[in-house]
Amino acid sequence: MKKLILAVIAVMGVTASYAQFNQGSILIGGKTNLSGSFNTSKTKTGSTTTTNGKFSTFSIEPQAAYFVIDHLAVGTGLSISTSSSKADGSSDKFTSTSLSLTPLVRYYFDNIYVQGSFQVGSNKTKNTFNGSTTESTTNLGGWSLMGGYAYFISDAISLEPQLGYSHTTRKSKGSDTKQINSGIVIGIGLYAYLNR
């Protein structure tokens, strides 16, 4: 009897979580991303690519999405991030702060989901090279593909660990130099699912 009651409770919990992903529901929340030695920073000038060293970044991304059909949410976010890289065997370093708009699409397979997003915005950089420091503002573009799990801590609130890959490019207007950062991203989010 005890096993039957536990099975019924488990089925009710799964059914309640499915209702969160129905057409017309709204997803509101945010996530933080942290990436470390998984990423490599490179500079590309013309056809020459130079590996700068390891790259780390921290970002906060408030997001909102609307379920256009069951299990498919479309929305946007705002990404605020800070990052830095240090050249291997040198005191040269690079720091940046960026603000960007991140349109996104998310599809759910039960509580597991896949999310793709694009990034468009601007980036402020500070570069120290051979003892000389320069500052500049650049255009920012990129994309990411993430997988995650919606673990519901209440009927409408979920804690969502994420793992994925991101690729970001920073380029100054009128310049042939690009800053390219790509690699594995680990994130955690807290989201509210609002039903009509």
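Everything below is about the structure printed above this text.
In this report, we go over the structure that sits alongside the text.

## Remarks on the side chain of glutamine 162
Next up, step 1: If you trace the backbone, glutamine 162 turns up in strand E8 (residues 157-171).
Next up, step 2: Given a relative accessible area of 4%, glutamine 162 falls into the buried group.
Next up, step 3: Polar contacts involving the side chain of glutamine 162 include one to the side chain of lysine 31, which spans 3.2 Å.
Next up, step 4: A polar contact of 2.7 Å, which involves the side chain of glutamine 162, links it to the side chain of tyrosine 113.

## Let's talk about the packing of aromatic side chains
Next up, step 1: Applying the stated criterion to the full structure yields eleven aromatic pairs.
Next up, step 2: For the ring pair tyrosine 107 and phenylalanine 109, a centre distance of 4.9 Å and an interplane angle of 70 degrees mean the geometry is edge-to-face.
Next up, step 3: Note on tyrosine 107: relative accessible area 34%, which makes it partly exposed.
Next up, step 4: Aromatic pair tyrosine 108 and tyrosine 193: ring centres 6.2 Å apart, planes at 70 degrees, arrangement edge-to-face. Linking tyrosine 108 in strand E4 (residues 93-109) with tyrosine 193 in strand E9 (residues 177-194), this pair joins segments that are 85 residues apart in sequence.
Next up, step 5: Since its relative accessible area comes to 1%, tyrosine 193 is described here as buried.
Next up, step 6: These aromatic residues form a ring-pair network of at least three members: Phe21, Phe67, Tyr108, Tyr113, Phe152 and Tyr193.
Next up, step 7: The ring of tyrosine 113 has arginine 106 sitting right over it, with the charged end atom 3.9 Å from the ring centre.
Next up, step 8: Above the face of the tyrosine 191 ring, arginine 106 is positioned so that its terminal group lies 4.8 Å from the ring centre.

Conventions and cut-offs
Counting restarts for each chain: residues are numbered from 1 in the order of the written sequence. Local features in this predicted model are restricted to residues of pLDDT 70 or higher, and side-chain atom pairs are both shown and tallied only at a pLDDT of 80 or more, whereas totals for entire chains, interfaces and linings draw on every residue. As a rule here, side-chain values come from all non-hydrogen atoms in the structure, and water together with hydrogens is ignored. Numbering of helices and strands runs from the N terminus; a helix is a DSSP stretch of H or I covering at least four residues, while a strand is a stretch of E covering at least two. Accessible area is worked out with a 1.4 Å probe on protein chains only. A residue is then buried under 20% of its type maximum, exposed over 50%, and partly exposed in between. Any pair of N or O atoms that falls within 3.5 Å is considered a polar contact. Within protein, one atom must be able to donate a hydrogen and the other to accept it, and sequence-neighbouring residues count only if both atoms are side-chain atoms. Aromatic contacts are taken between Phe, Tyr and Trp rings whose centres are within 6.5 Å, Trp giving its six-membered ring; a plane angle under 30 degrees counts as stacked, one over 60 as edge-to-face, and the others as tilted. A positively charged side chain is recorded as over a ring if its NZ (Lys) or CZ (Arg) lies within 6 Å of the ring centre. The angle to the ring normal must also be within 35 degrees.

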